[in-house]
Amino acid sequence: MGHWSLDDIPWDRFDRSKVDPEIVRIVKAASLVEYNGAAYAHHLCRIFHDDPEFQQNARRWGEEEIQHGRALGRWAELADPSFDFGAAFARFRSGYQVDFDCNTSRRGSRSGEMIARCMVEVGTSSYYTALRDAVEEPVLKEICRNIAADEVRHYKLFYKNLTLCLARERIGFWRRLRVAAGRIAESGDDELAYAYYAANETMRPYERRRYSRAYSGRAYTLCRDDHVTRGVVLIFKVVGLDPHGLLARTASRFAWWFIRYRGIRLILR
Ligand SMILES: [Fe+2]
Ligand SMILES: [Fe+2]
């Protein structure tokens, strides 16, 4: 059982006058990525094939991600009645394919896989918190509040499993850092860009750069410095650095500057 369901969302409070069309576009894209959660849960169950307890947690996690997709997709269909969530998801799945059937993590170890999962949850928890704070439409605000709380719980789930994996695998600091940095760099890859394309564009051919910029530019401008600071604390914990030390504070200032700069540049282009 999840912590909330679609029935808990006050759909009757939907206020069309507070809908921002730019936000609708990124919500549509996010709905497709979230709804793909079952594929990732399947992959995690294969990597942890001898750990039934974690497999159970991973399946529950996957169901919660699917629910995020359903909630965002339903809201997007309310906000834009021409949006067909099912058709957009089919387009996304046919154009974006990853091998989820392999038994080993492409991060090189189980710890690496948990670091990458933690990084994704840092990104999503920060993103939905920023979206919750930025939007005025009350139904979307409530959806984002629920999703952000789930994403923090997901981070804790993977972080707890990371500590168990590290006790057995003894992955050093530099490898942890490399996996974490690699996963951040992957945010510019096809997944979000293709979701943005599949959700919003039916006429033009796909161009990763174009749609990655369209998504990131809008997403970056939602962030505030407190969202960034919180994200840096969580990332520092994952790689094994003091999350409240001078280095963390410096990294947080730099990350905030970078996100603002990138967001403004991407929007102005
Ligand atoms: Fe999610
Ligand atoms: Fe999550």
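So, a few notes on the structure that sits alongside this text. (Residues numbered from 1 in each chain as written. Chains lettered and ligands numbered in written order. Predicted model: local features only at pLDDT ≥ 70, side-chain atom pairs only at ≥ 80, totals over all residues. Heavy atoms only, no water.)

### Description of the side chain of Ser-216
Using the following cut-off: Strands here mean DSSP runs of E at least two residues long; helices mean DSSP runs of H or I at least four residues long; both are numbered from the N terminus. Exposed residues in this analysis have more than 50% of their type's maximum accessible area, buried residues have under 20%, and partly exposed residues fall in between, with area computed by a 1.4 Å probe over protein chains only. What qualifies as a polar contact is a pair of N or O atoms within 3.5 Å, subject to a donor-acceptor requirement within protein and to the restriction that residues adjacent in sequence count only when both atoms come from side chains.
Structurally, Ser-216 can be placed in helix 9 (residues 208–220). Among the residues examined, Ser-216 registers a relative accessible area of 15% and is labelled buried. Within the structure, Ser-216 has its side chain in polar contact with the backbone oxygen of Ser-212 (distance 2.8 Å).

### With respect to the pattern of salt bridges
What counts, and what does not: We define a salt bridge as a side-chain nitrogen of Lys or Arg found within 4 Å of a carboxyl oxygen belonging to Asp or Glu.
All chains considered together, the criterion is met by 14 salt bridges. Across the salt bridge formed by Asp-133 and Arg-132, the nearest N and O atoms sit 3.0 Å from each other. Residue Asp-133 is classed as partly exposed on the basis of its relative accessible area of 29%. The salt bridge involving Asp-150 is made with Arg-153; its shortest N-O contact spans 2.6 Å. One end of the pair, Asp-150, and the other, Arg-153, are both in helix 6 (residues 138–169), 3 residues apart, so they sit about a helical turn from each other. When its relative accessible area of 1% is taken as the criterion, Asp-150 is described as buried. One connected set of salt bridges, linked through shared partners, spans Arg-106, Arg-107, Arg-183 and Glu-186.

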